[in-house]
Amino acid sequence: MSEPKACVVMVTAPNREEAERLARAALEARLAACVQLQPIASFYWWEGKITSDSELLLLFKTVPARFAALRDLILQHHSYDTPEIISLPVEDGAERYLAWIGQQATG
């Protein structure tokens, strides 16, 4: 199996200000080509009980080779003790778009 051409990294943030700060930091560092923000309702286990919060979901479009650096940047700047950082492989897509991700996420 070949390496994915790109990946989507999912991260949640508590508010728009932090989400925008994380998005801009990743873009300025050329660790992502694009970041999309979506408001979501999250339900999850935390400290032994079910919790719910309104959050923003960030979808970072990047390449697998940049994931570790992106993860480290998010961990450094995120306010959560245990932020969600999940990389999902993009196995296929529009070739021009995937090429654009590769060009932008690597500077």
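An account of the accompanying structure is given in this report.

Procedures and definitions
Residues numbered from 1 in each chain as written. Predicted model: local features only at pLDDT ≥ 70, side-chain atom pairs only at ≥ 80, totals over all residues. Heavy atoms only, no water. Buried < 20%, exposed > 50% of the residue type's maximum accessible area, 1.4 Å probe, protein only. Helix = DSSP H or I, 4+ residues; strand = E, 2+ residues; numbered from the N terminus. Salt bridge = Lys/Arg side-chain N within 4 Å of Asp/Glu carboxyl O. Core = buried A, V, L, I, M, F, W, Y, C linked by side-chain atoms within 4.5 Å. Contact = heavy atoms within 4.5 Å.

1. Observations regarding unusual backbone geometry
Part 1: Phi is positive for Arg-30, close to 60°, though the residue is something other than glycine.
Part 2: The exposure class of Arg-30 is partly exposed, given its relative accessible area of 36%.
Part 3: If you check the backbone angles, Glu-47 has positive phi at about 50° while not being a glycine.
Part 4: Relative to the helices and strands, Glu-47 is located in the loop between strand S2 (34-46) and strand S3 (49-62).

2. Things to note about the pattern of salt bridges
Part 1: On inspection of all chains with the given rule, the structure shows four salt bridges.
Part 2: Notably, a salt bridge pairs Arg-21 with Glu-18, separated by 3.8 Å at the nearest N-O pair. With Arg-21 and Glu-18 both in helix H1 (residues 16-28) and three residues apart, this pair spans about one turn of that helix.
Part 3: One salt bridge in this structure joins Arg-71 and Asp-72, with 3.3 Å as the shortest N-O distance.
Part 4: Note on Asp-72: relative accessible area 41%, which makes it partly exposed.

3. Observations regarding the nonpolar core
As a rule of thumb, nonpolar side chains are buried together in soluble globular proteins.
Part 1: Val-9, Val-11, Leu-58, Phe-60 and Leu-70 are the most contacted members of the largest nonpolar core, which totals 19 residues.
Part 2: Every element with two or more residues in this core is listed here: strand S1 (6-13), H1, S3 and helix H2 (67-77).
Part 3: Aside from chain neighbours lying at most four places away, what touches Val-11 is Leu-56, Leu-57, Leu-58, Phe-60, Ile-74, His-78, Glu-84 and Ile-85.
Part 4: With 10 residues, the next largest nonpolar core counts Ala-6, Ala-33, Leu-57 and Leu-59 among its residues.

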